[in-house]
Amino acid sequence: MTPLACAHPDATVPRTFEVEPRSTTPLADEAMSEAARSSPHASSILRSLTDEVGPRLAGSQADKAAVAWALRTMRDLGLASVHPEPVVVPHWERGAESGAIISPFSQRLALTALGGSIGTPGLEAEVVEVDSLLALERRRKTEIAGKIVFIPTKVRPLRDGSDYGRAVMNRSNGAAAAAKLGAVGYLVESVGSDHTRLPHTGSMHPAEIPAAALAVPDAELLHRILATGKTVRLQVSLGAHALPDAESANVIGEVRGGDLSNELVLLAAHLDSWDLGTGALDDGAGCAIVLEAARLLASVGRQPRRTVRVTLFANEEHGLSGSHAYAKAHGDEVERHVLGIEADMGAGSVYRARVLGGPGARPTFMALVNHLRPLGITPSFDDAHGGADLGDLRSLGMPVLDLSQDATSYFDHHHSANDTLDKVDPSALEQAALAFALAAWAAADDNATFGRIPDPKRVPN
Ligand SMILES: [Zn+2]
């Protein structure tokens, strides 16, 4: 790949833009749009990550390969200050796994361990279905002890992906709640909107019992048999096991700014993925979006006033280790972070923007949105969330911008073996990359502020 115009910015670069009128901004938008149209690159970045590295679970050998890939790719793209920042991550392996209904009928079950689950060579027990996490917490020990708890969980495919937040509680908190009541195992219906027999894994709070997700059709089968009132017994084997913590890294590169280079616009995604698919949507797409955005920023041919920092976080999936480490290492300079934008909602096109900043952020936000309108992106006046990897910085007051991507089909594939490159629509991915570039440029090539998030809104993830 050709190094870009801003590959080696230094103090000798003339800061002509300081005296240029603001009417030059449309030229920057035009340059980025033209670069995105004539030589779109996000898809090839994503192809490279998914084909050459593949699944990259925190702590694995492939996780290390992903860090090397990210350093190499950022350097090839001509980013400045490319470097890794070490992060200690948990290391867990899935191993072989199987499950079956053994009575009253024999049926194989498609299941997969939840991240961090303990293993079991062959648990056999009666299963008890509970409607929800809330209902489980109200059960008595005598009803649950010695049994495998099963919670059915439906996720509606919504454009903003918002149903996931509700449903995921069953996955993340169910096993710990079941263990507290003496359960010997935990099964959750996959937090997925598909009907394939590929279960969806994901993180959970640590529990002393084996925990797994059933594929949606398998969960429905189990539910139907239980609904007959018959006693149902299951057999579950999980080869899951924990290994010693391992070294990984956040990978950082920058498009250097000019007269306000000390101020940062943060573009974030996470480099790790679950192990079942190749992490194309989660979050290879986000990596490709922010890396391509950086390339487009450089295509303008001059520096933005502020620095745009691309950070690919380590281990989002299994404990947010990378974002915690970044906040720890950079917490004393959080005031320098004027805005954070994260890409971690798949490869869909951006349709909406919203912000969470200080009370005076609205005019700055509206000016930024004007740069996005040509892509069909409209403002929302609800508060932005910012994404999981920006949670710590958000709770320290850093303003966040959501560039909401169409997530209608995202949870069909998310965290499953189906999270592969063929699910990506290249034109939607390139649109998202351009949207991130336009927003980052608008925020960076300006001295307007988004303020700081007020205390009551500094909520953690
Ligand atoms: Zn993700």
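As shown above, the structure is provided for reference.
Residues numbered from 1 in each chain as written. Predicted model: local features only at pLDDT ≥ 70, side-chain atom pairs only at ≥ 80, totals over all residues. Heavy atoms only, no water.

Trainee: Explain the coordination of the zinc ion here, please?
Mentor: Taken together, the protein ligands of the zinc ion are His270 (NE2), Asp282 (OD), Asp344 (OD) and Asp344 (OD), with distances of 1.9 to 2.6 Å. Angles of 52 to 148 degrees at the metal separate the four donor atoms of the zinc ion, which places the site in the irregular class. Along the chain, the residues donating to the zinc ion are arranged with the sequence spacing H-x11-D-x61-D. Taken as a pair, histidine 270 in strand 11 (residues 260-270) and aspartate 282 in helix 8 (residues 280-298) lie far apart in primary sequence, twelve residues in all. Accessibility expressed as a relative area gives 0% for histidine 270, which makes it buried. (Donors = N, O, S within 2.8 Å, 3.2 Å for Na, K, Ca; no water. Tetrahedral: all angles 85-135°; square planar, octahedral: opposite > 155°, others 65-115°. Helix = DSSP H or I, 4+ residues; strand = E, 2+ residues; numbered from the N terminus. Buried < 20%, exposed > 50% of the residue type's maximum accessible area, 1.4 Å probe, protein only.)

Trainee: Is there a simple way to explain the pairing of strand 8 (residues 211-214) in this structure?
Mentor: Regular strands place their side chains on alternate faces of the sheet. With burial as the criterion, each face of strand 8 is covered, one bearing Ala211 and Ala213 and the other bearing Ala212 and Leu214. Two elements, strand 4 (residues 111-113) and strand 8, share three bridges in a ladder whose sense is antiparallel. Note on strand 8: the bridge partner recorded for alanine 113 is alanine 212. In this structure, strand 7 (residues 185-189) lies alongside strand 8, joined through four bridges in parallel fashion. For glutamate 189, the partnering residue across the bridge sits in strand 8 and is leucine 214. (Pairing = 2+ DSSP bridges.)

Trainee: What's the story with the pattern of salt bridges in this structure? I'm lost.
Mentor: A complete count under the given rule lists 23 salt bridges for this structure. Here glutamate 292 and arginine 295 are joined by a salt bridge, their closest N and O atoms 2.7 Å apart. A residue pair is termed a helical-turn pair when its members lie 3 or 4 positions apart in one helix, as glutamate 292 and arginine 295 do in helix 8 at three residues. Take glutamate 292: its relative accessible area is 0%, and that puts it in the buried class. Note on arginine 295: relative accessible area 11%, which makes it buried. Ionic pairing is found between arginine 452 and glutamate 335, a salt bridge with its closest N-O pair at 3.5 Å. Taken together, the positions of arginine 452 in the segment after helix 13 (426-444) and glutamate 335 in the loop between helix 9 (321-330) and strand 13 (337-342) put the pair 117 residues apart, joining distant regions of the chain. For glutamate 335, a relative accessible area of 54% gives the class exposed. By sharing partners, the salt bridges in this structure join Glu254, Arg256, Arg309, Glu333 and Arg336 into a single network. (Salt bridge = Lys/Arg side-chain N within 4 Å of Asp/Glu carboxyl O.)

Trainee: Which parts of the structure should I look at to understand the side chain of serine 416?
Mentor: With respect to the helices and strands, serine 416 occurs in the loop between helix 12 (410-413) and helix 13. Residue class for serine 416 comes out buried when judged on its relative accessible area of 2%. Within the local environment of serine 416, its side chain forms a polar contact with the backbone oxygen of histidine 413, the two atoms lying 2.8 Å apart. Leave out the neighbours within four places in its chain, and serine 416 touches Leu198, Pro199, His200, Leu276 and Gly277. (Polar contact = N/O pair within 3.5 Å; in protein donor to acceptor, adjacent residues only side chain to side chain. Contact = heavy atoms within 4.5 Å.)

Trainee: It is not clear to me how the packing of helix 2 (residues 42-52) against helix 13 should be interpreted in this structure. Could you clarify?
Mentor: Packed helix pairs are characterised by how far apart their axes lie and by the angle those axes make with each other. Viewed as axis vectors pointing N to C, helix 2 and helix 13 meet at an angle of 110 degrees, and their least axial separation amounts to 8 Å. Taken as axis vectors, helix 2 and helix 13 run roughly perpendicular relative to one another. Of the residues in helix 13, those in contact with Ala42, Ser43 and Leu46 of helix 2 are Pro426, Leu429, Glu430 and Ala433. Each residue belonging to the contact of helix 2 with helix 13 can be placed in one class, and the counts come to five nonpolar, one polar and one charged. (Axes fitted to C-alpha atoms, helices over the stretch in contact; angles between N-to-C directions. Parallel < 35°, antiparallel > 145°, perpendicular 65-115°, else oblique. Nonpolar A, V, L, I, M, F, W, Y, C, P; charged D, E, K, R; others polar.)

Trainee: Looking at this model, I keep getting lost on the nonpolar core. Mind explaining?
Mentor: Most often, soluble globular proteins have nonpolar side chains that are buried together. With 81 residues, the main nonpolar core has Leu312 and Phe436 as its most contacted residues. Among the elements that line this core, the one with the most residues is helix 13, at 14 residues. Membership of the second largest hydrophobic core comes to 25 residues, among which are Ala212, Val236, Leu238 and Ala240. (Core = buried A, V, L, I, M, F, W, Y, C linked by side-chain atoms within 4.5 Å.)

Trainee: Help me out: how do you make sense of the layout of surface pockets in this one?
Mentor: Any empty space left between atoms is shown by rolling a water-sized probe over those atoms. In this structure, the largest pocket spans a volume of roughly 1400 Å³. Lining the largest pocket we find 42 residues, and of these Tyr164, Glu316, Asp344, His385 and Ala388 sit closest to its centre. Within the residue set of the lining of the largest pocket, elements represented by two or more residues are helix 6 (163-180), strand 14 (350-356), strand 16 (400-405) and helix 12. Each residue belonging to the lining of the largest pocket can be placed in one class, and the counts come to twelve nonpolar, 20 polar and ten charged. Roughly 200 Å³ of volume is contained in the second largest pocket. Lining the second largest pocket are 13 residues, with Val355, Gly357, Gly358, Arg362 and Asp383 sitting closest to its centre. At the level of secondary structure, the elements contributing two or more residues to the lining of the second largest pocket comprise strand 14 and helix 10 (361-370). By residue number, the principal contributor to the lining of the second largest pocket is helix 10, which donates three residues. Its residues assigned to classes, the lining of the second largest pocket comprises six nonpolar, three polar and four charged. (1 Å grid on protein atoms, 1.4 Å probe; cavity = no way out; pocket = protein on both sides within 12 Å on 5 of 7 lines; lining within 4 Å. Points joined across faces, edges and corners; volume = space filled by probe spheres on them.)

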